[in-house]
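Chain by chain, the residues run as shown.
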Amino acid sequence: MKLPDTSHTSRPWRIHEIAHDFRLEDVWALPTPGGPDDLPKLVEQMASGGGDLPGVAGVLFGIRWKLGKLLGWDRKGAGLGARVPTLRDRLPDDLRDRPYGPDFRSLPFRPLYMTGDEWAAELANRTVHGVMHIGWVPDGSGGYRGQMAVLVKPNGLFGKLYMAAILPFRYVIVYPALMRLIGRGWRTRQPSTG
């Protein structure tokens, strides 16, 4: 379920000090009910990939990766440490000295940091420098759940146009499929509490 921006901005997340110049693009409640210490399980699921997006969403991602390869959007020179410095350079000492969390197995994200209730990873290409922020929040009924925020810094006019062009596809096709995939992956990892 899409959430208001204040669901992210009102929390004292560490990402605010690190990615202060990024735009908050989206905030989503993840279908991942759990206990207070379950963030590492969600982080592992997110980093492991948990499967390809099904249907039209998977096709759209396939097209995006093929276009990126053809047009050079995802070349090493377009990413972290080349076109843009990694946000790891901005980490305060207390976060720099902690484990970053698991590496991604199939997506081009690079983990930034992990605390008891948040995890962040970044990617960069010719279109955007982006951050995926996963928080672990009370769900209002005595449990907890994941919350995903997407922060972006588009690369010039081209990046802004790209983000505007994919907006309807993200809301109508990609995010609903992603939420179903995350929920299905979470349910298969969790013991039944029924």
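All of the points below concern the structure found in this document. This one's a predicted model, so the numbers in the text were calculated from it and none came from an experiment.

## Details of helix H4 (residues 55-71)
Then, in step 1: Helix length check: H4, at 17 residues, gives a terminal C-alpha distance of 24 Å against a target of 24 Å (1.5 Å per residue), a fit within 8%.
Then, in step 2: For H4, the set of buried residues is Ala57, Arg64 and Gly68. All buried residues of H4 fall inside an arc of 30° around its axis, so they share one side. Structural note: H4 exposes Gly55, Val56, Val59, Lys66, Lys69 and Leu70 on the side pointing more than 90 degrees away from its buried face.
Then, in step 3: Contact partners of the buried residues in H4: helix H6 (156-189).

## A look at the packing of aromatic side chains
Then, in step 1: Going through the model one piece at a time under the given rule, you end up with eight aromatic pairs.
Then, in step 2: An angle of 35° between the planes, with centres 5.3 Å apart, marks the rings of Phe104 and Phe109 as tilted.
Then, in step 3: For Phe104, a relative accessible area of 10% corresponds to the buried category.
Then, in step 4: Ring geometry for Phe104 versus Trp119: centroids 5.5 Å apart, planes at 20°, classification stacked.

## What to know about the layout of surface pockets
Then, in step 1: Looking at the second largest pocket, its volume works out to about 220 Å³.
Then, in step 2: The wall of the second largest pocket is formed by Trp65, Asp74, Arg75, Lys76, Gly79, Leu80, Pro108, Leu123, Ala124 and Asn125.
Then, in step 3: Of the residues in the lining of the second largest pocket, the class split is five nonpolar, two polar and three charged.

## Considerations on the packing of helix H3 (residues 39-48) against H6
Then, in step 1: For the pair H3 and H6, the least separation of the axes is 11 Å and the interaxial angle reads 125°. Here H3 is positioned oblique relative to H6, judged by the angle of their axes. The interaxial crossing formed by H3 with H6 has right-handed handedness. On H6, the residues touching Lys41, Leu42, Glu44, Gln45, Met46 and Ser48 of H3 are Leu181, Ile182, Gly185, Trp186 and Arg189.
Then, in step 2: Taken together, the residues that form the contact of H3 with H6 break down as five nonpolar, three polar and three charged.

So, how was this worked out
Residues numbered from 1 in each chain as written. Predicted model: local features only at pLDDT ≥ 70, side-chain atom pairs only at ≥ 80, totals over all residues. Heavy atoms only, no water. Helix = DSSP H or I, 4+ residues; strand = E, 2+ residues; numbered from the N terminus. Expected span 1.5 Å × (residues − 1). Buried < 20%, exposed > 50% of the residue type's maximum accessible area, 1.4 Å probe, protein only. Arc of directions from axis to C-beta. Contact = heavy atoms within 4.5 Å. Phe/Tyr/Trp six-rings, centres within 6.5 Å; stacked < 30°, edge-to-face > 60°. 1 Å grid on protein atoms, 1.4 Å probe; cavity = no way out; pocket = protein on both sides within 12 Å on 5 of 7 lines; lining within 4 Å. Points joined across faces, edges and corners; volume = space filled by probe spheres on them. Nonpolar A, V, L, I, M, F, W, Y, C, P; charged D, E, K, R; others polar. Axes fitted to C-alpha atoms, helices over the stretch in contact; angles between N-to-C directions. Parallel < 35°, antiparallel > 145°, perpendicular 65-115°, else oblique. Left-handed = near helix turned anticlockwise from the far one by under 90°.

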